[in-house]
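This is what each chain is made of:
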Amino acid sequence: MRRPVLTLALLLGLTAPLAPATAAGAAADATAGTAGGAPAVRWAPCAENAAVECGTLTVPIDWDNPRGGTFELALARRRASDQAARVGSLVINPGGPGGSGVDAVLHDWLGFTPEVTSRFDVVGFDPRGVARSHPITCSLELAVQAPDPLSLRGQADWDALLAHNRRYADDCRRRTGPLFDHVHTGNVIRDLDALRAALGDDKLTYYGVSYGTLIGQLYAERYPRRVRALALDSNMDHSLGTQAFLDTESWTAQDSFDEFVAWCGRTDTCALHGRDVRALWHELLARAERGELTFPGEPEIVLRKLDLVGLAFSSFYGPIWQQFAELLAAMESGTGTVSPLLAPMTAKKAAEETINDASFVFCQDYALPVRDFREWDRLLRRSAAIAPDMLVSAVAHPLALACQGTRTPNPQHRLKVDGSPGLLVGNALHDPATPYPWAVNAAAQIGREARLLTYEGWGHGIYGSGDCPTAAIDRYLVSRELPAKGARCPAVPPAEMSARSAPRPYPGPRPGLPGWTYARR
């Protein structure tokens, strides 16, 4: 199994009893260098793209022990095109954890409109442990030895899983050094506040998508009076226990599958129109379980059930239903072409010995204990009852296993935001990764400071999904104008979205891994 290298989130109000950061803690950060006297970033043209500036910011490895060593936080900036109308800096995070904010700015992954790019310097950073910011480095050989979550058969397999997790974490810690144990989002938001100060902004303007919303939520909790505007797109809910996490991830994966089947039933151009799509799907799952399913045109690539579920999951991000239907038809017949958007991931060359595995960020943010194999088996059966076609989430279940036996210094708690300006919380009704109820629940936890924007369509990330959500987020970022209470944006059919601009995966988190999404042009 390919170890999950990034992540997502959760629903409903099952909570872990942990108190949020205090105002005194925020004040202590100021004395640690995040406020007055903050160091300026030295910017220079990026080697990859001279139109973008790159730089670094020195921050502590451990904010609670700022004299215990430092590392360099990697940054990239596109200057506002209209400096006379400039509002300030817009700091962004593209998700993950593991998504590179530097690459997002270098390659314009998020596709901001001129309304935003003329008014803001768009600034991306690689969070600690990610990409250019002292990456968590692990053995590729050990990473690919992770057990398949759907193949555990008894307590002996469970014990072997725990042993593997210990061996793998020890390897990653040895290769990474002291930063390995300090990559959780509680530290990331302190890095973000140091960045805000270094940019010369009294208050933070921020856009985060997917796991990037957790960064925004926790920033508003710790530093409510340092917020100018936070746009949180496709939201996390950092309050759930193990069962609620897996239940809601399974539910939203199945919801996206149901939407795909319904679309195929009403759309003549679907490659499976008029067919029993669910019956075909279960035939393919059975072939995968027998080891008889291969990727079209690449017979050496044998797909297991989790691989097939992952291909479905990644197709729902756009969504790219047409391409997914063509893939299923090609798998059934053994012939046909497959969209490169759903090509199998070959993330590393054989000569490479290490990977950057940011799944440890998730493990340090989410305590998802499972007692033993019997409990894991019960959770799997529960998930299969919730998601009879998808069976599991291609992200949540592998991550839950990967985190067994690890330490969680920033565990779940209900958000408590007090004193911030209004925050924009947006989500699609049919998001395969961050279910709509997560956004509802996160907004309810934030309380009166939150304004929920509902996109009535599909996919992961509502910015760029039609004029309505994009314009609403633009207005909020520029003018801090929140949508009306109960605001909803109509769904844009996938065919219409494709006609406007063909989706493409950005070269960051890849299909089948958390944080992967489409950038639209």
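Everything quoted here is computed from the prediction, not taken from an experiment.

How each quantity is defined
Residues numbered from 1 in each chain as written. Predicted model: local features only at pLDDT ≥ 70, side-chain atom pairs only at ≥ 80, totals over all residues. Heavy atoms only, no water. Pairing = 2+ DSSP bridges. Helix = DSSP H or I, 4+ residues; strand = E, 2+ residues; numbered from the N terminus. Contact = heavy atoms within 4.5 Å. Axes fitted to C-alpha atoms, helices over the stretch in contact; angles between N-to-C directions. Phe/Tyr/Trp six-rings, centres within 6.5 Å; stacked < 30°, edge-to-face > 60°. Buried < 20%, exposed > 50% of the residue type's maximum accessible area, 1.4 Å probe, protein only. Disulfide = S-S within 2.5 Å.

Peer 1: Please clarify how the sheet that holds strand β14 (residues 488-489) should be interpreted in this entry.
Peer 2: Sheet strands associate in pairs through backbone hydrogen bonding, adopting either a parallel or an antiparallel arrangement. The 10 strands lie next to each other as β1-β2-β3-β5-β4-β7-β8-β12-β13-β14, forming an open sheet whose pairing is mixed. In this open sheet, the two strands that pair with only one neighbour each are β1 (44-45) and β14. Those strands touched by helix α15 (residues 436-446) are β12 (423-430), β13 (450-458) and β14, and its axis lies near 155 degrees from that of β12. Each of β4 (88-93), β5 (120-125), β7 (204-209), β8 (227-233), β12, β13 and β14 is contacted by helix α16 (residues 467-479), which is oriented at about 165 degrees to β8, the strand it contacts most.

Peer 1: Before we go on, may I ask you to explain the packing of aromatic side chains in this structure?
Peer 2: Centre-to-centre distance and the angle between the planes together describe a pair of aromatic rings. Counted by the stated rule, this structure contains 22 aromatic pairs. Centroid distance F257 to F316: 6.5 Å. Interplanar angle 80 degrees. Geometry classified as edge-to-face. Pair noted here: F257 is in helix α8 (residues 242-266) and F316 is in the loop between α10 (305-315) and α11 (321-333), with a separation of 59 residues, a long-range link. Of the two residues, F257 and F316, neither departs from the other in class, the shared state being buried. In textbook terms, an aromatic cluster arises when at least three aromatic residues are bridged by ring pairs, as seen for F257, F260, W263, W281, F316, W321, F324 and W458.

Peer 1: Before we go on, may I ask you to explain unusual backbone geometry in this structure?
Peer 2: Only a minority of non-glycine residues have a phi that is not negative, and only a minority of peptide bonds are not trans. P97 follows G96 through a cis peptide bond whose omega is 0 degrees. One can find P97 in the loop between β4 and α2 (101-106). Although it is not a glycine, A131 adopts a positive phi angle of roughly 50 degrees.

Peer 1: For this particular structure, what's the right way to read the environment of K203?
Peer 2: Residue position: K203 is located in the loop between α6 (185-198) and β7. Given a relative accessible area of 42%, K203 falls into the partly exposed group. Between the C-alpha atom of K203 and that of S89, which follows or precedes it by 114 residues, the distance is 9.5 Å. Non-local contacts of K203, meaning those with residues more than four positions away in its chain, are made with R196, R225, R226, V227 and R228.

Peer 1: Explain the state of the cysteines to me, please; I cannot follow it from the model alone.
Peer 2: By definition, a disulfide is the covalent link that joins the sulfur atoms of two cysteine residues. All told, the structure shown has 5 disulfides when counted by the stated rule. Here C468 pairs with C489 through a disulfide, and the sulfurs are 2.0 Å apart. Taking the torsion about the S-S bond as the criterion, the C468 to C489 disulfide, at about -70 degrees, is left-handed. Of the two residues, C468 is situated in helix α16 and C489 in strand β14; the sequence distance between them amounts to 21 residues. For the protein chain, the disulfide bridges join cysteines in the arrangement 1-2, 3-4, 5-6, 7-8, 9-10, where the cysteines are counted in sequence order.

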